[in-house]
Amino acid sequence: MTKKRTTLIILLAMFVLSMCLFGITLAMPGFAVQENLVANGDFADKSNGWSVVGATLENGNFVSAGKSGAKSGNSLRLSKIENADVKISRQLTKSLSSGKGYTISFRYRTSLLEKAELGSVYFTNESGDKLSGTETKLLATNQVWQLVLFDYLPESAVSATLCINLNGDAAEYYFADFSVTETETIVKNADFSQNNGVVAQ
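Residues numbered from 1 in each chain as written. Predicted model: local features only at pLDDT ≥ 70, side-chain atom pairs only at ≥ 80, totals over all residues. Heavy atoms only, no water.

Q: For this particular structure, what's the right way to read the packing of aromatic side chains?
A: What describes a pair of aromatic rings is the distance from one ring centre to the other and the angle between the planes of the rings. Under the defined criterion, the tally for this structure stands at nine aromatic pairs. Aromatic side chains Phe-43 and Trp-50 sit 5.2 Å apart centroid to centroid with 40 degrees between the ring planes, which places their arrangement in the tilted category. In this structure, Phe-43 and Trp-50 share a single accessibility class: buried. Through a chain of ring-to-ring contacts, three or more aromatic side chains come together here, namely Phe-43, Trp-50, Phe-106, Tyr-108, Phe-175 and Phe-178. Here Lys-130 stacks its cationic end above the ring of Tyr-122, 4.6 Å away from the centre of that ring. (Phe/Tyr/Trp six-rings, centres within 6.5 Å; stacked < 30°, edge-to-face > 60°. Buried < 20%, exposed > 50% of the residue type's maximum accessible area, 1.4 Å probe, protein only. Lys NZ or Arg CZ within 6 Å of the ring centre and 35° of its normal.)

Okay, structure coming up:
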């Protein structure tokens, strides 16, 4: 067997071994890629699949990914209709399961210069009723992007819709990077009695 052929066999064996180890790593709980239950949550397909009431909208790269923290750079812009409450919603791609925890996250900012309460985010069931323990308030702070991040543990299996009600005075709202994923972490503060789940970015 020639030296060149031996080297080729060794390289091939190392490649096969690395692929096997890579597969094992992805299968481990800590490295598993979690499915996002919010289809088009990054608005790569513009506003397709999203329901919007009380506002006109357009899609585009209004800020760079670096400034907004958005993974894709896409953001959804809502221009509020005067004297209207704004509501946007998106049905999840599959039902939430009882006994499983879920992490909800997205980013937003507004045209407001002052600190103000904007509205809230929550889940509803098929009948349109709010799911207990899912509502958290949204605040605006000096046109700075905010990260909303909280966990939810369903009491029973449910087909859910993610909803955001906006009743503040902002003329424009921007949203990016919606995701709802399963989590293996223990859900704490499920009733949001300790904080509102909003982190300034």
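Q: It is not clear to me how the sheet that holds strand β7 (residues 136-140) should be interpreted in this structure. Could you clarify?
A: The pairing of strands in a sheet comes from backbone hydrogen bonds and takes either a parallel or an antiparallel form. Pairing in this open sheet of five strands is antiparallel, and the strands run β1-β4-β9-β6-β7 from one edge to the other. Taken across any chain shown, the strands that pair with only one partner, and hence form the sheet edges, are β1 (51-53) and β7. Across the sheet, the mean angle from the axis of one strand to that of its neighbour is 20 degrees, orientation sign disregarded. Here strand β4 (residues 86-91) runs beside strand β9 (residues 161-166); their pairing, made up of six bridges, is antiparallel. Residue pairing for β9: Gln-91 is matched across the bridge by Thr-161. (Pairing = 2+ DSSP bridges. Helix = DSSP H or I, 4+ residues; strand = E, 2+ residues; numbered from the N terminus. Axes fitted to C-alpha atoms, helices over the stretch in contact; angles between N-to-C directions.)

Q: I would appreciate a short explanation of the side chain of Ser-120 in the present structure.
A: Tracing the sequence through the fold places Ser-120 in strand β6 (residues 116-124). Ser-120 has contacts with Glu-135, Thr-136, Lys-137, Leu-138, Cys-163, Ile-164 and Asn-165, leaving out every residue within four places of it along the chain. (Contact = heavy atoms within 4.5 Å.)

Q: Explain unusual backbone geometry here, please?
A: Most of the time, phi is negative for any residue but glycine, and the peptide bond is trans. Positive phi is not limited to glycine here, since Asn-40 has a value of about 55 degrees. With respect to the helices and strands, Asn-40 occurs in the loop between α1 (3-27) and β1. On the basis of relative accessibility, which here comes to 16%, the residue Asn-40 falls in the buried class. Positive phi values are uncommon outside glycine, yet Lys-46 reaches one of about 55 degrees.

Q: Sorry if this is basic, but what is going on with the confidence of the model for the protein here?
A: Reading fine detail from the predicted coordinates is not recommended where pLDDT is low. Overall, the prediction assigns the protein a mean pLDDT of 76, with 66% of residues at 70 or greater. The least confident element of the protein is helix α2 (residues 65-68), whose mean pLDDT is 47; the most confident is β9, at 94. Across residues 21-31, confidence stays below pLDDT 50; counting only partners more than four residues off in sequence or on other chains, it has four contacts. Low pLDDT (under 50) marks residues 192-196, which in the prediction has ten contacts with non-local residues, meaning those over four places away or in another chain. (pLDDT = per-residue confidence, 0-100.)

Q: What is the right way to look at the pairing of strand β3 (residues 75-80) in this model?
A: Within a regular strand, side chains alternate between the sheet's two faces. Counting buried positions over the six residues of β3 gives five, a clear majority of the element. Of the strand pairs in this sheet, β3 and strand β10 (residues 172-183) are connected by four bridges, and their pairing is antiparallel. The partner of Arg-77 across the bridge, within β10, is Tyr-174.

Q: In this structure, what is going on with the environment of Val-52? I would like to understand it.
A: Inspection of the secondary structure assignment puts Val-52 in strand β1. Distance in space between the C-alpha atoms of Val-52 and Leu-78 is 8.7 Å, their sequence separation being 26 residues. The contact partners of Val-52, leaving out residues within four places of it in the chain, are Leu-57, Leu-78, Lys-87 and Ile-88.

Q: So what exactly am I meant to see when it comes to the environment of Ala-44 here?
A: Here Ala-44 shows up in the loop between α1 and β1. As for Ala-44 and Asn-74, which are separated by 30 residues in sequence, their C-alpha atoms are 6.5 Å apart.

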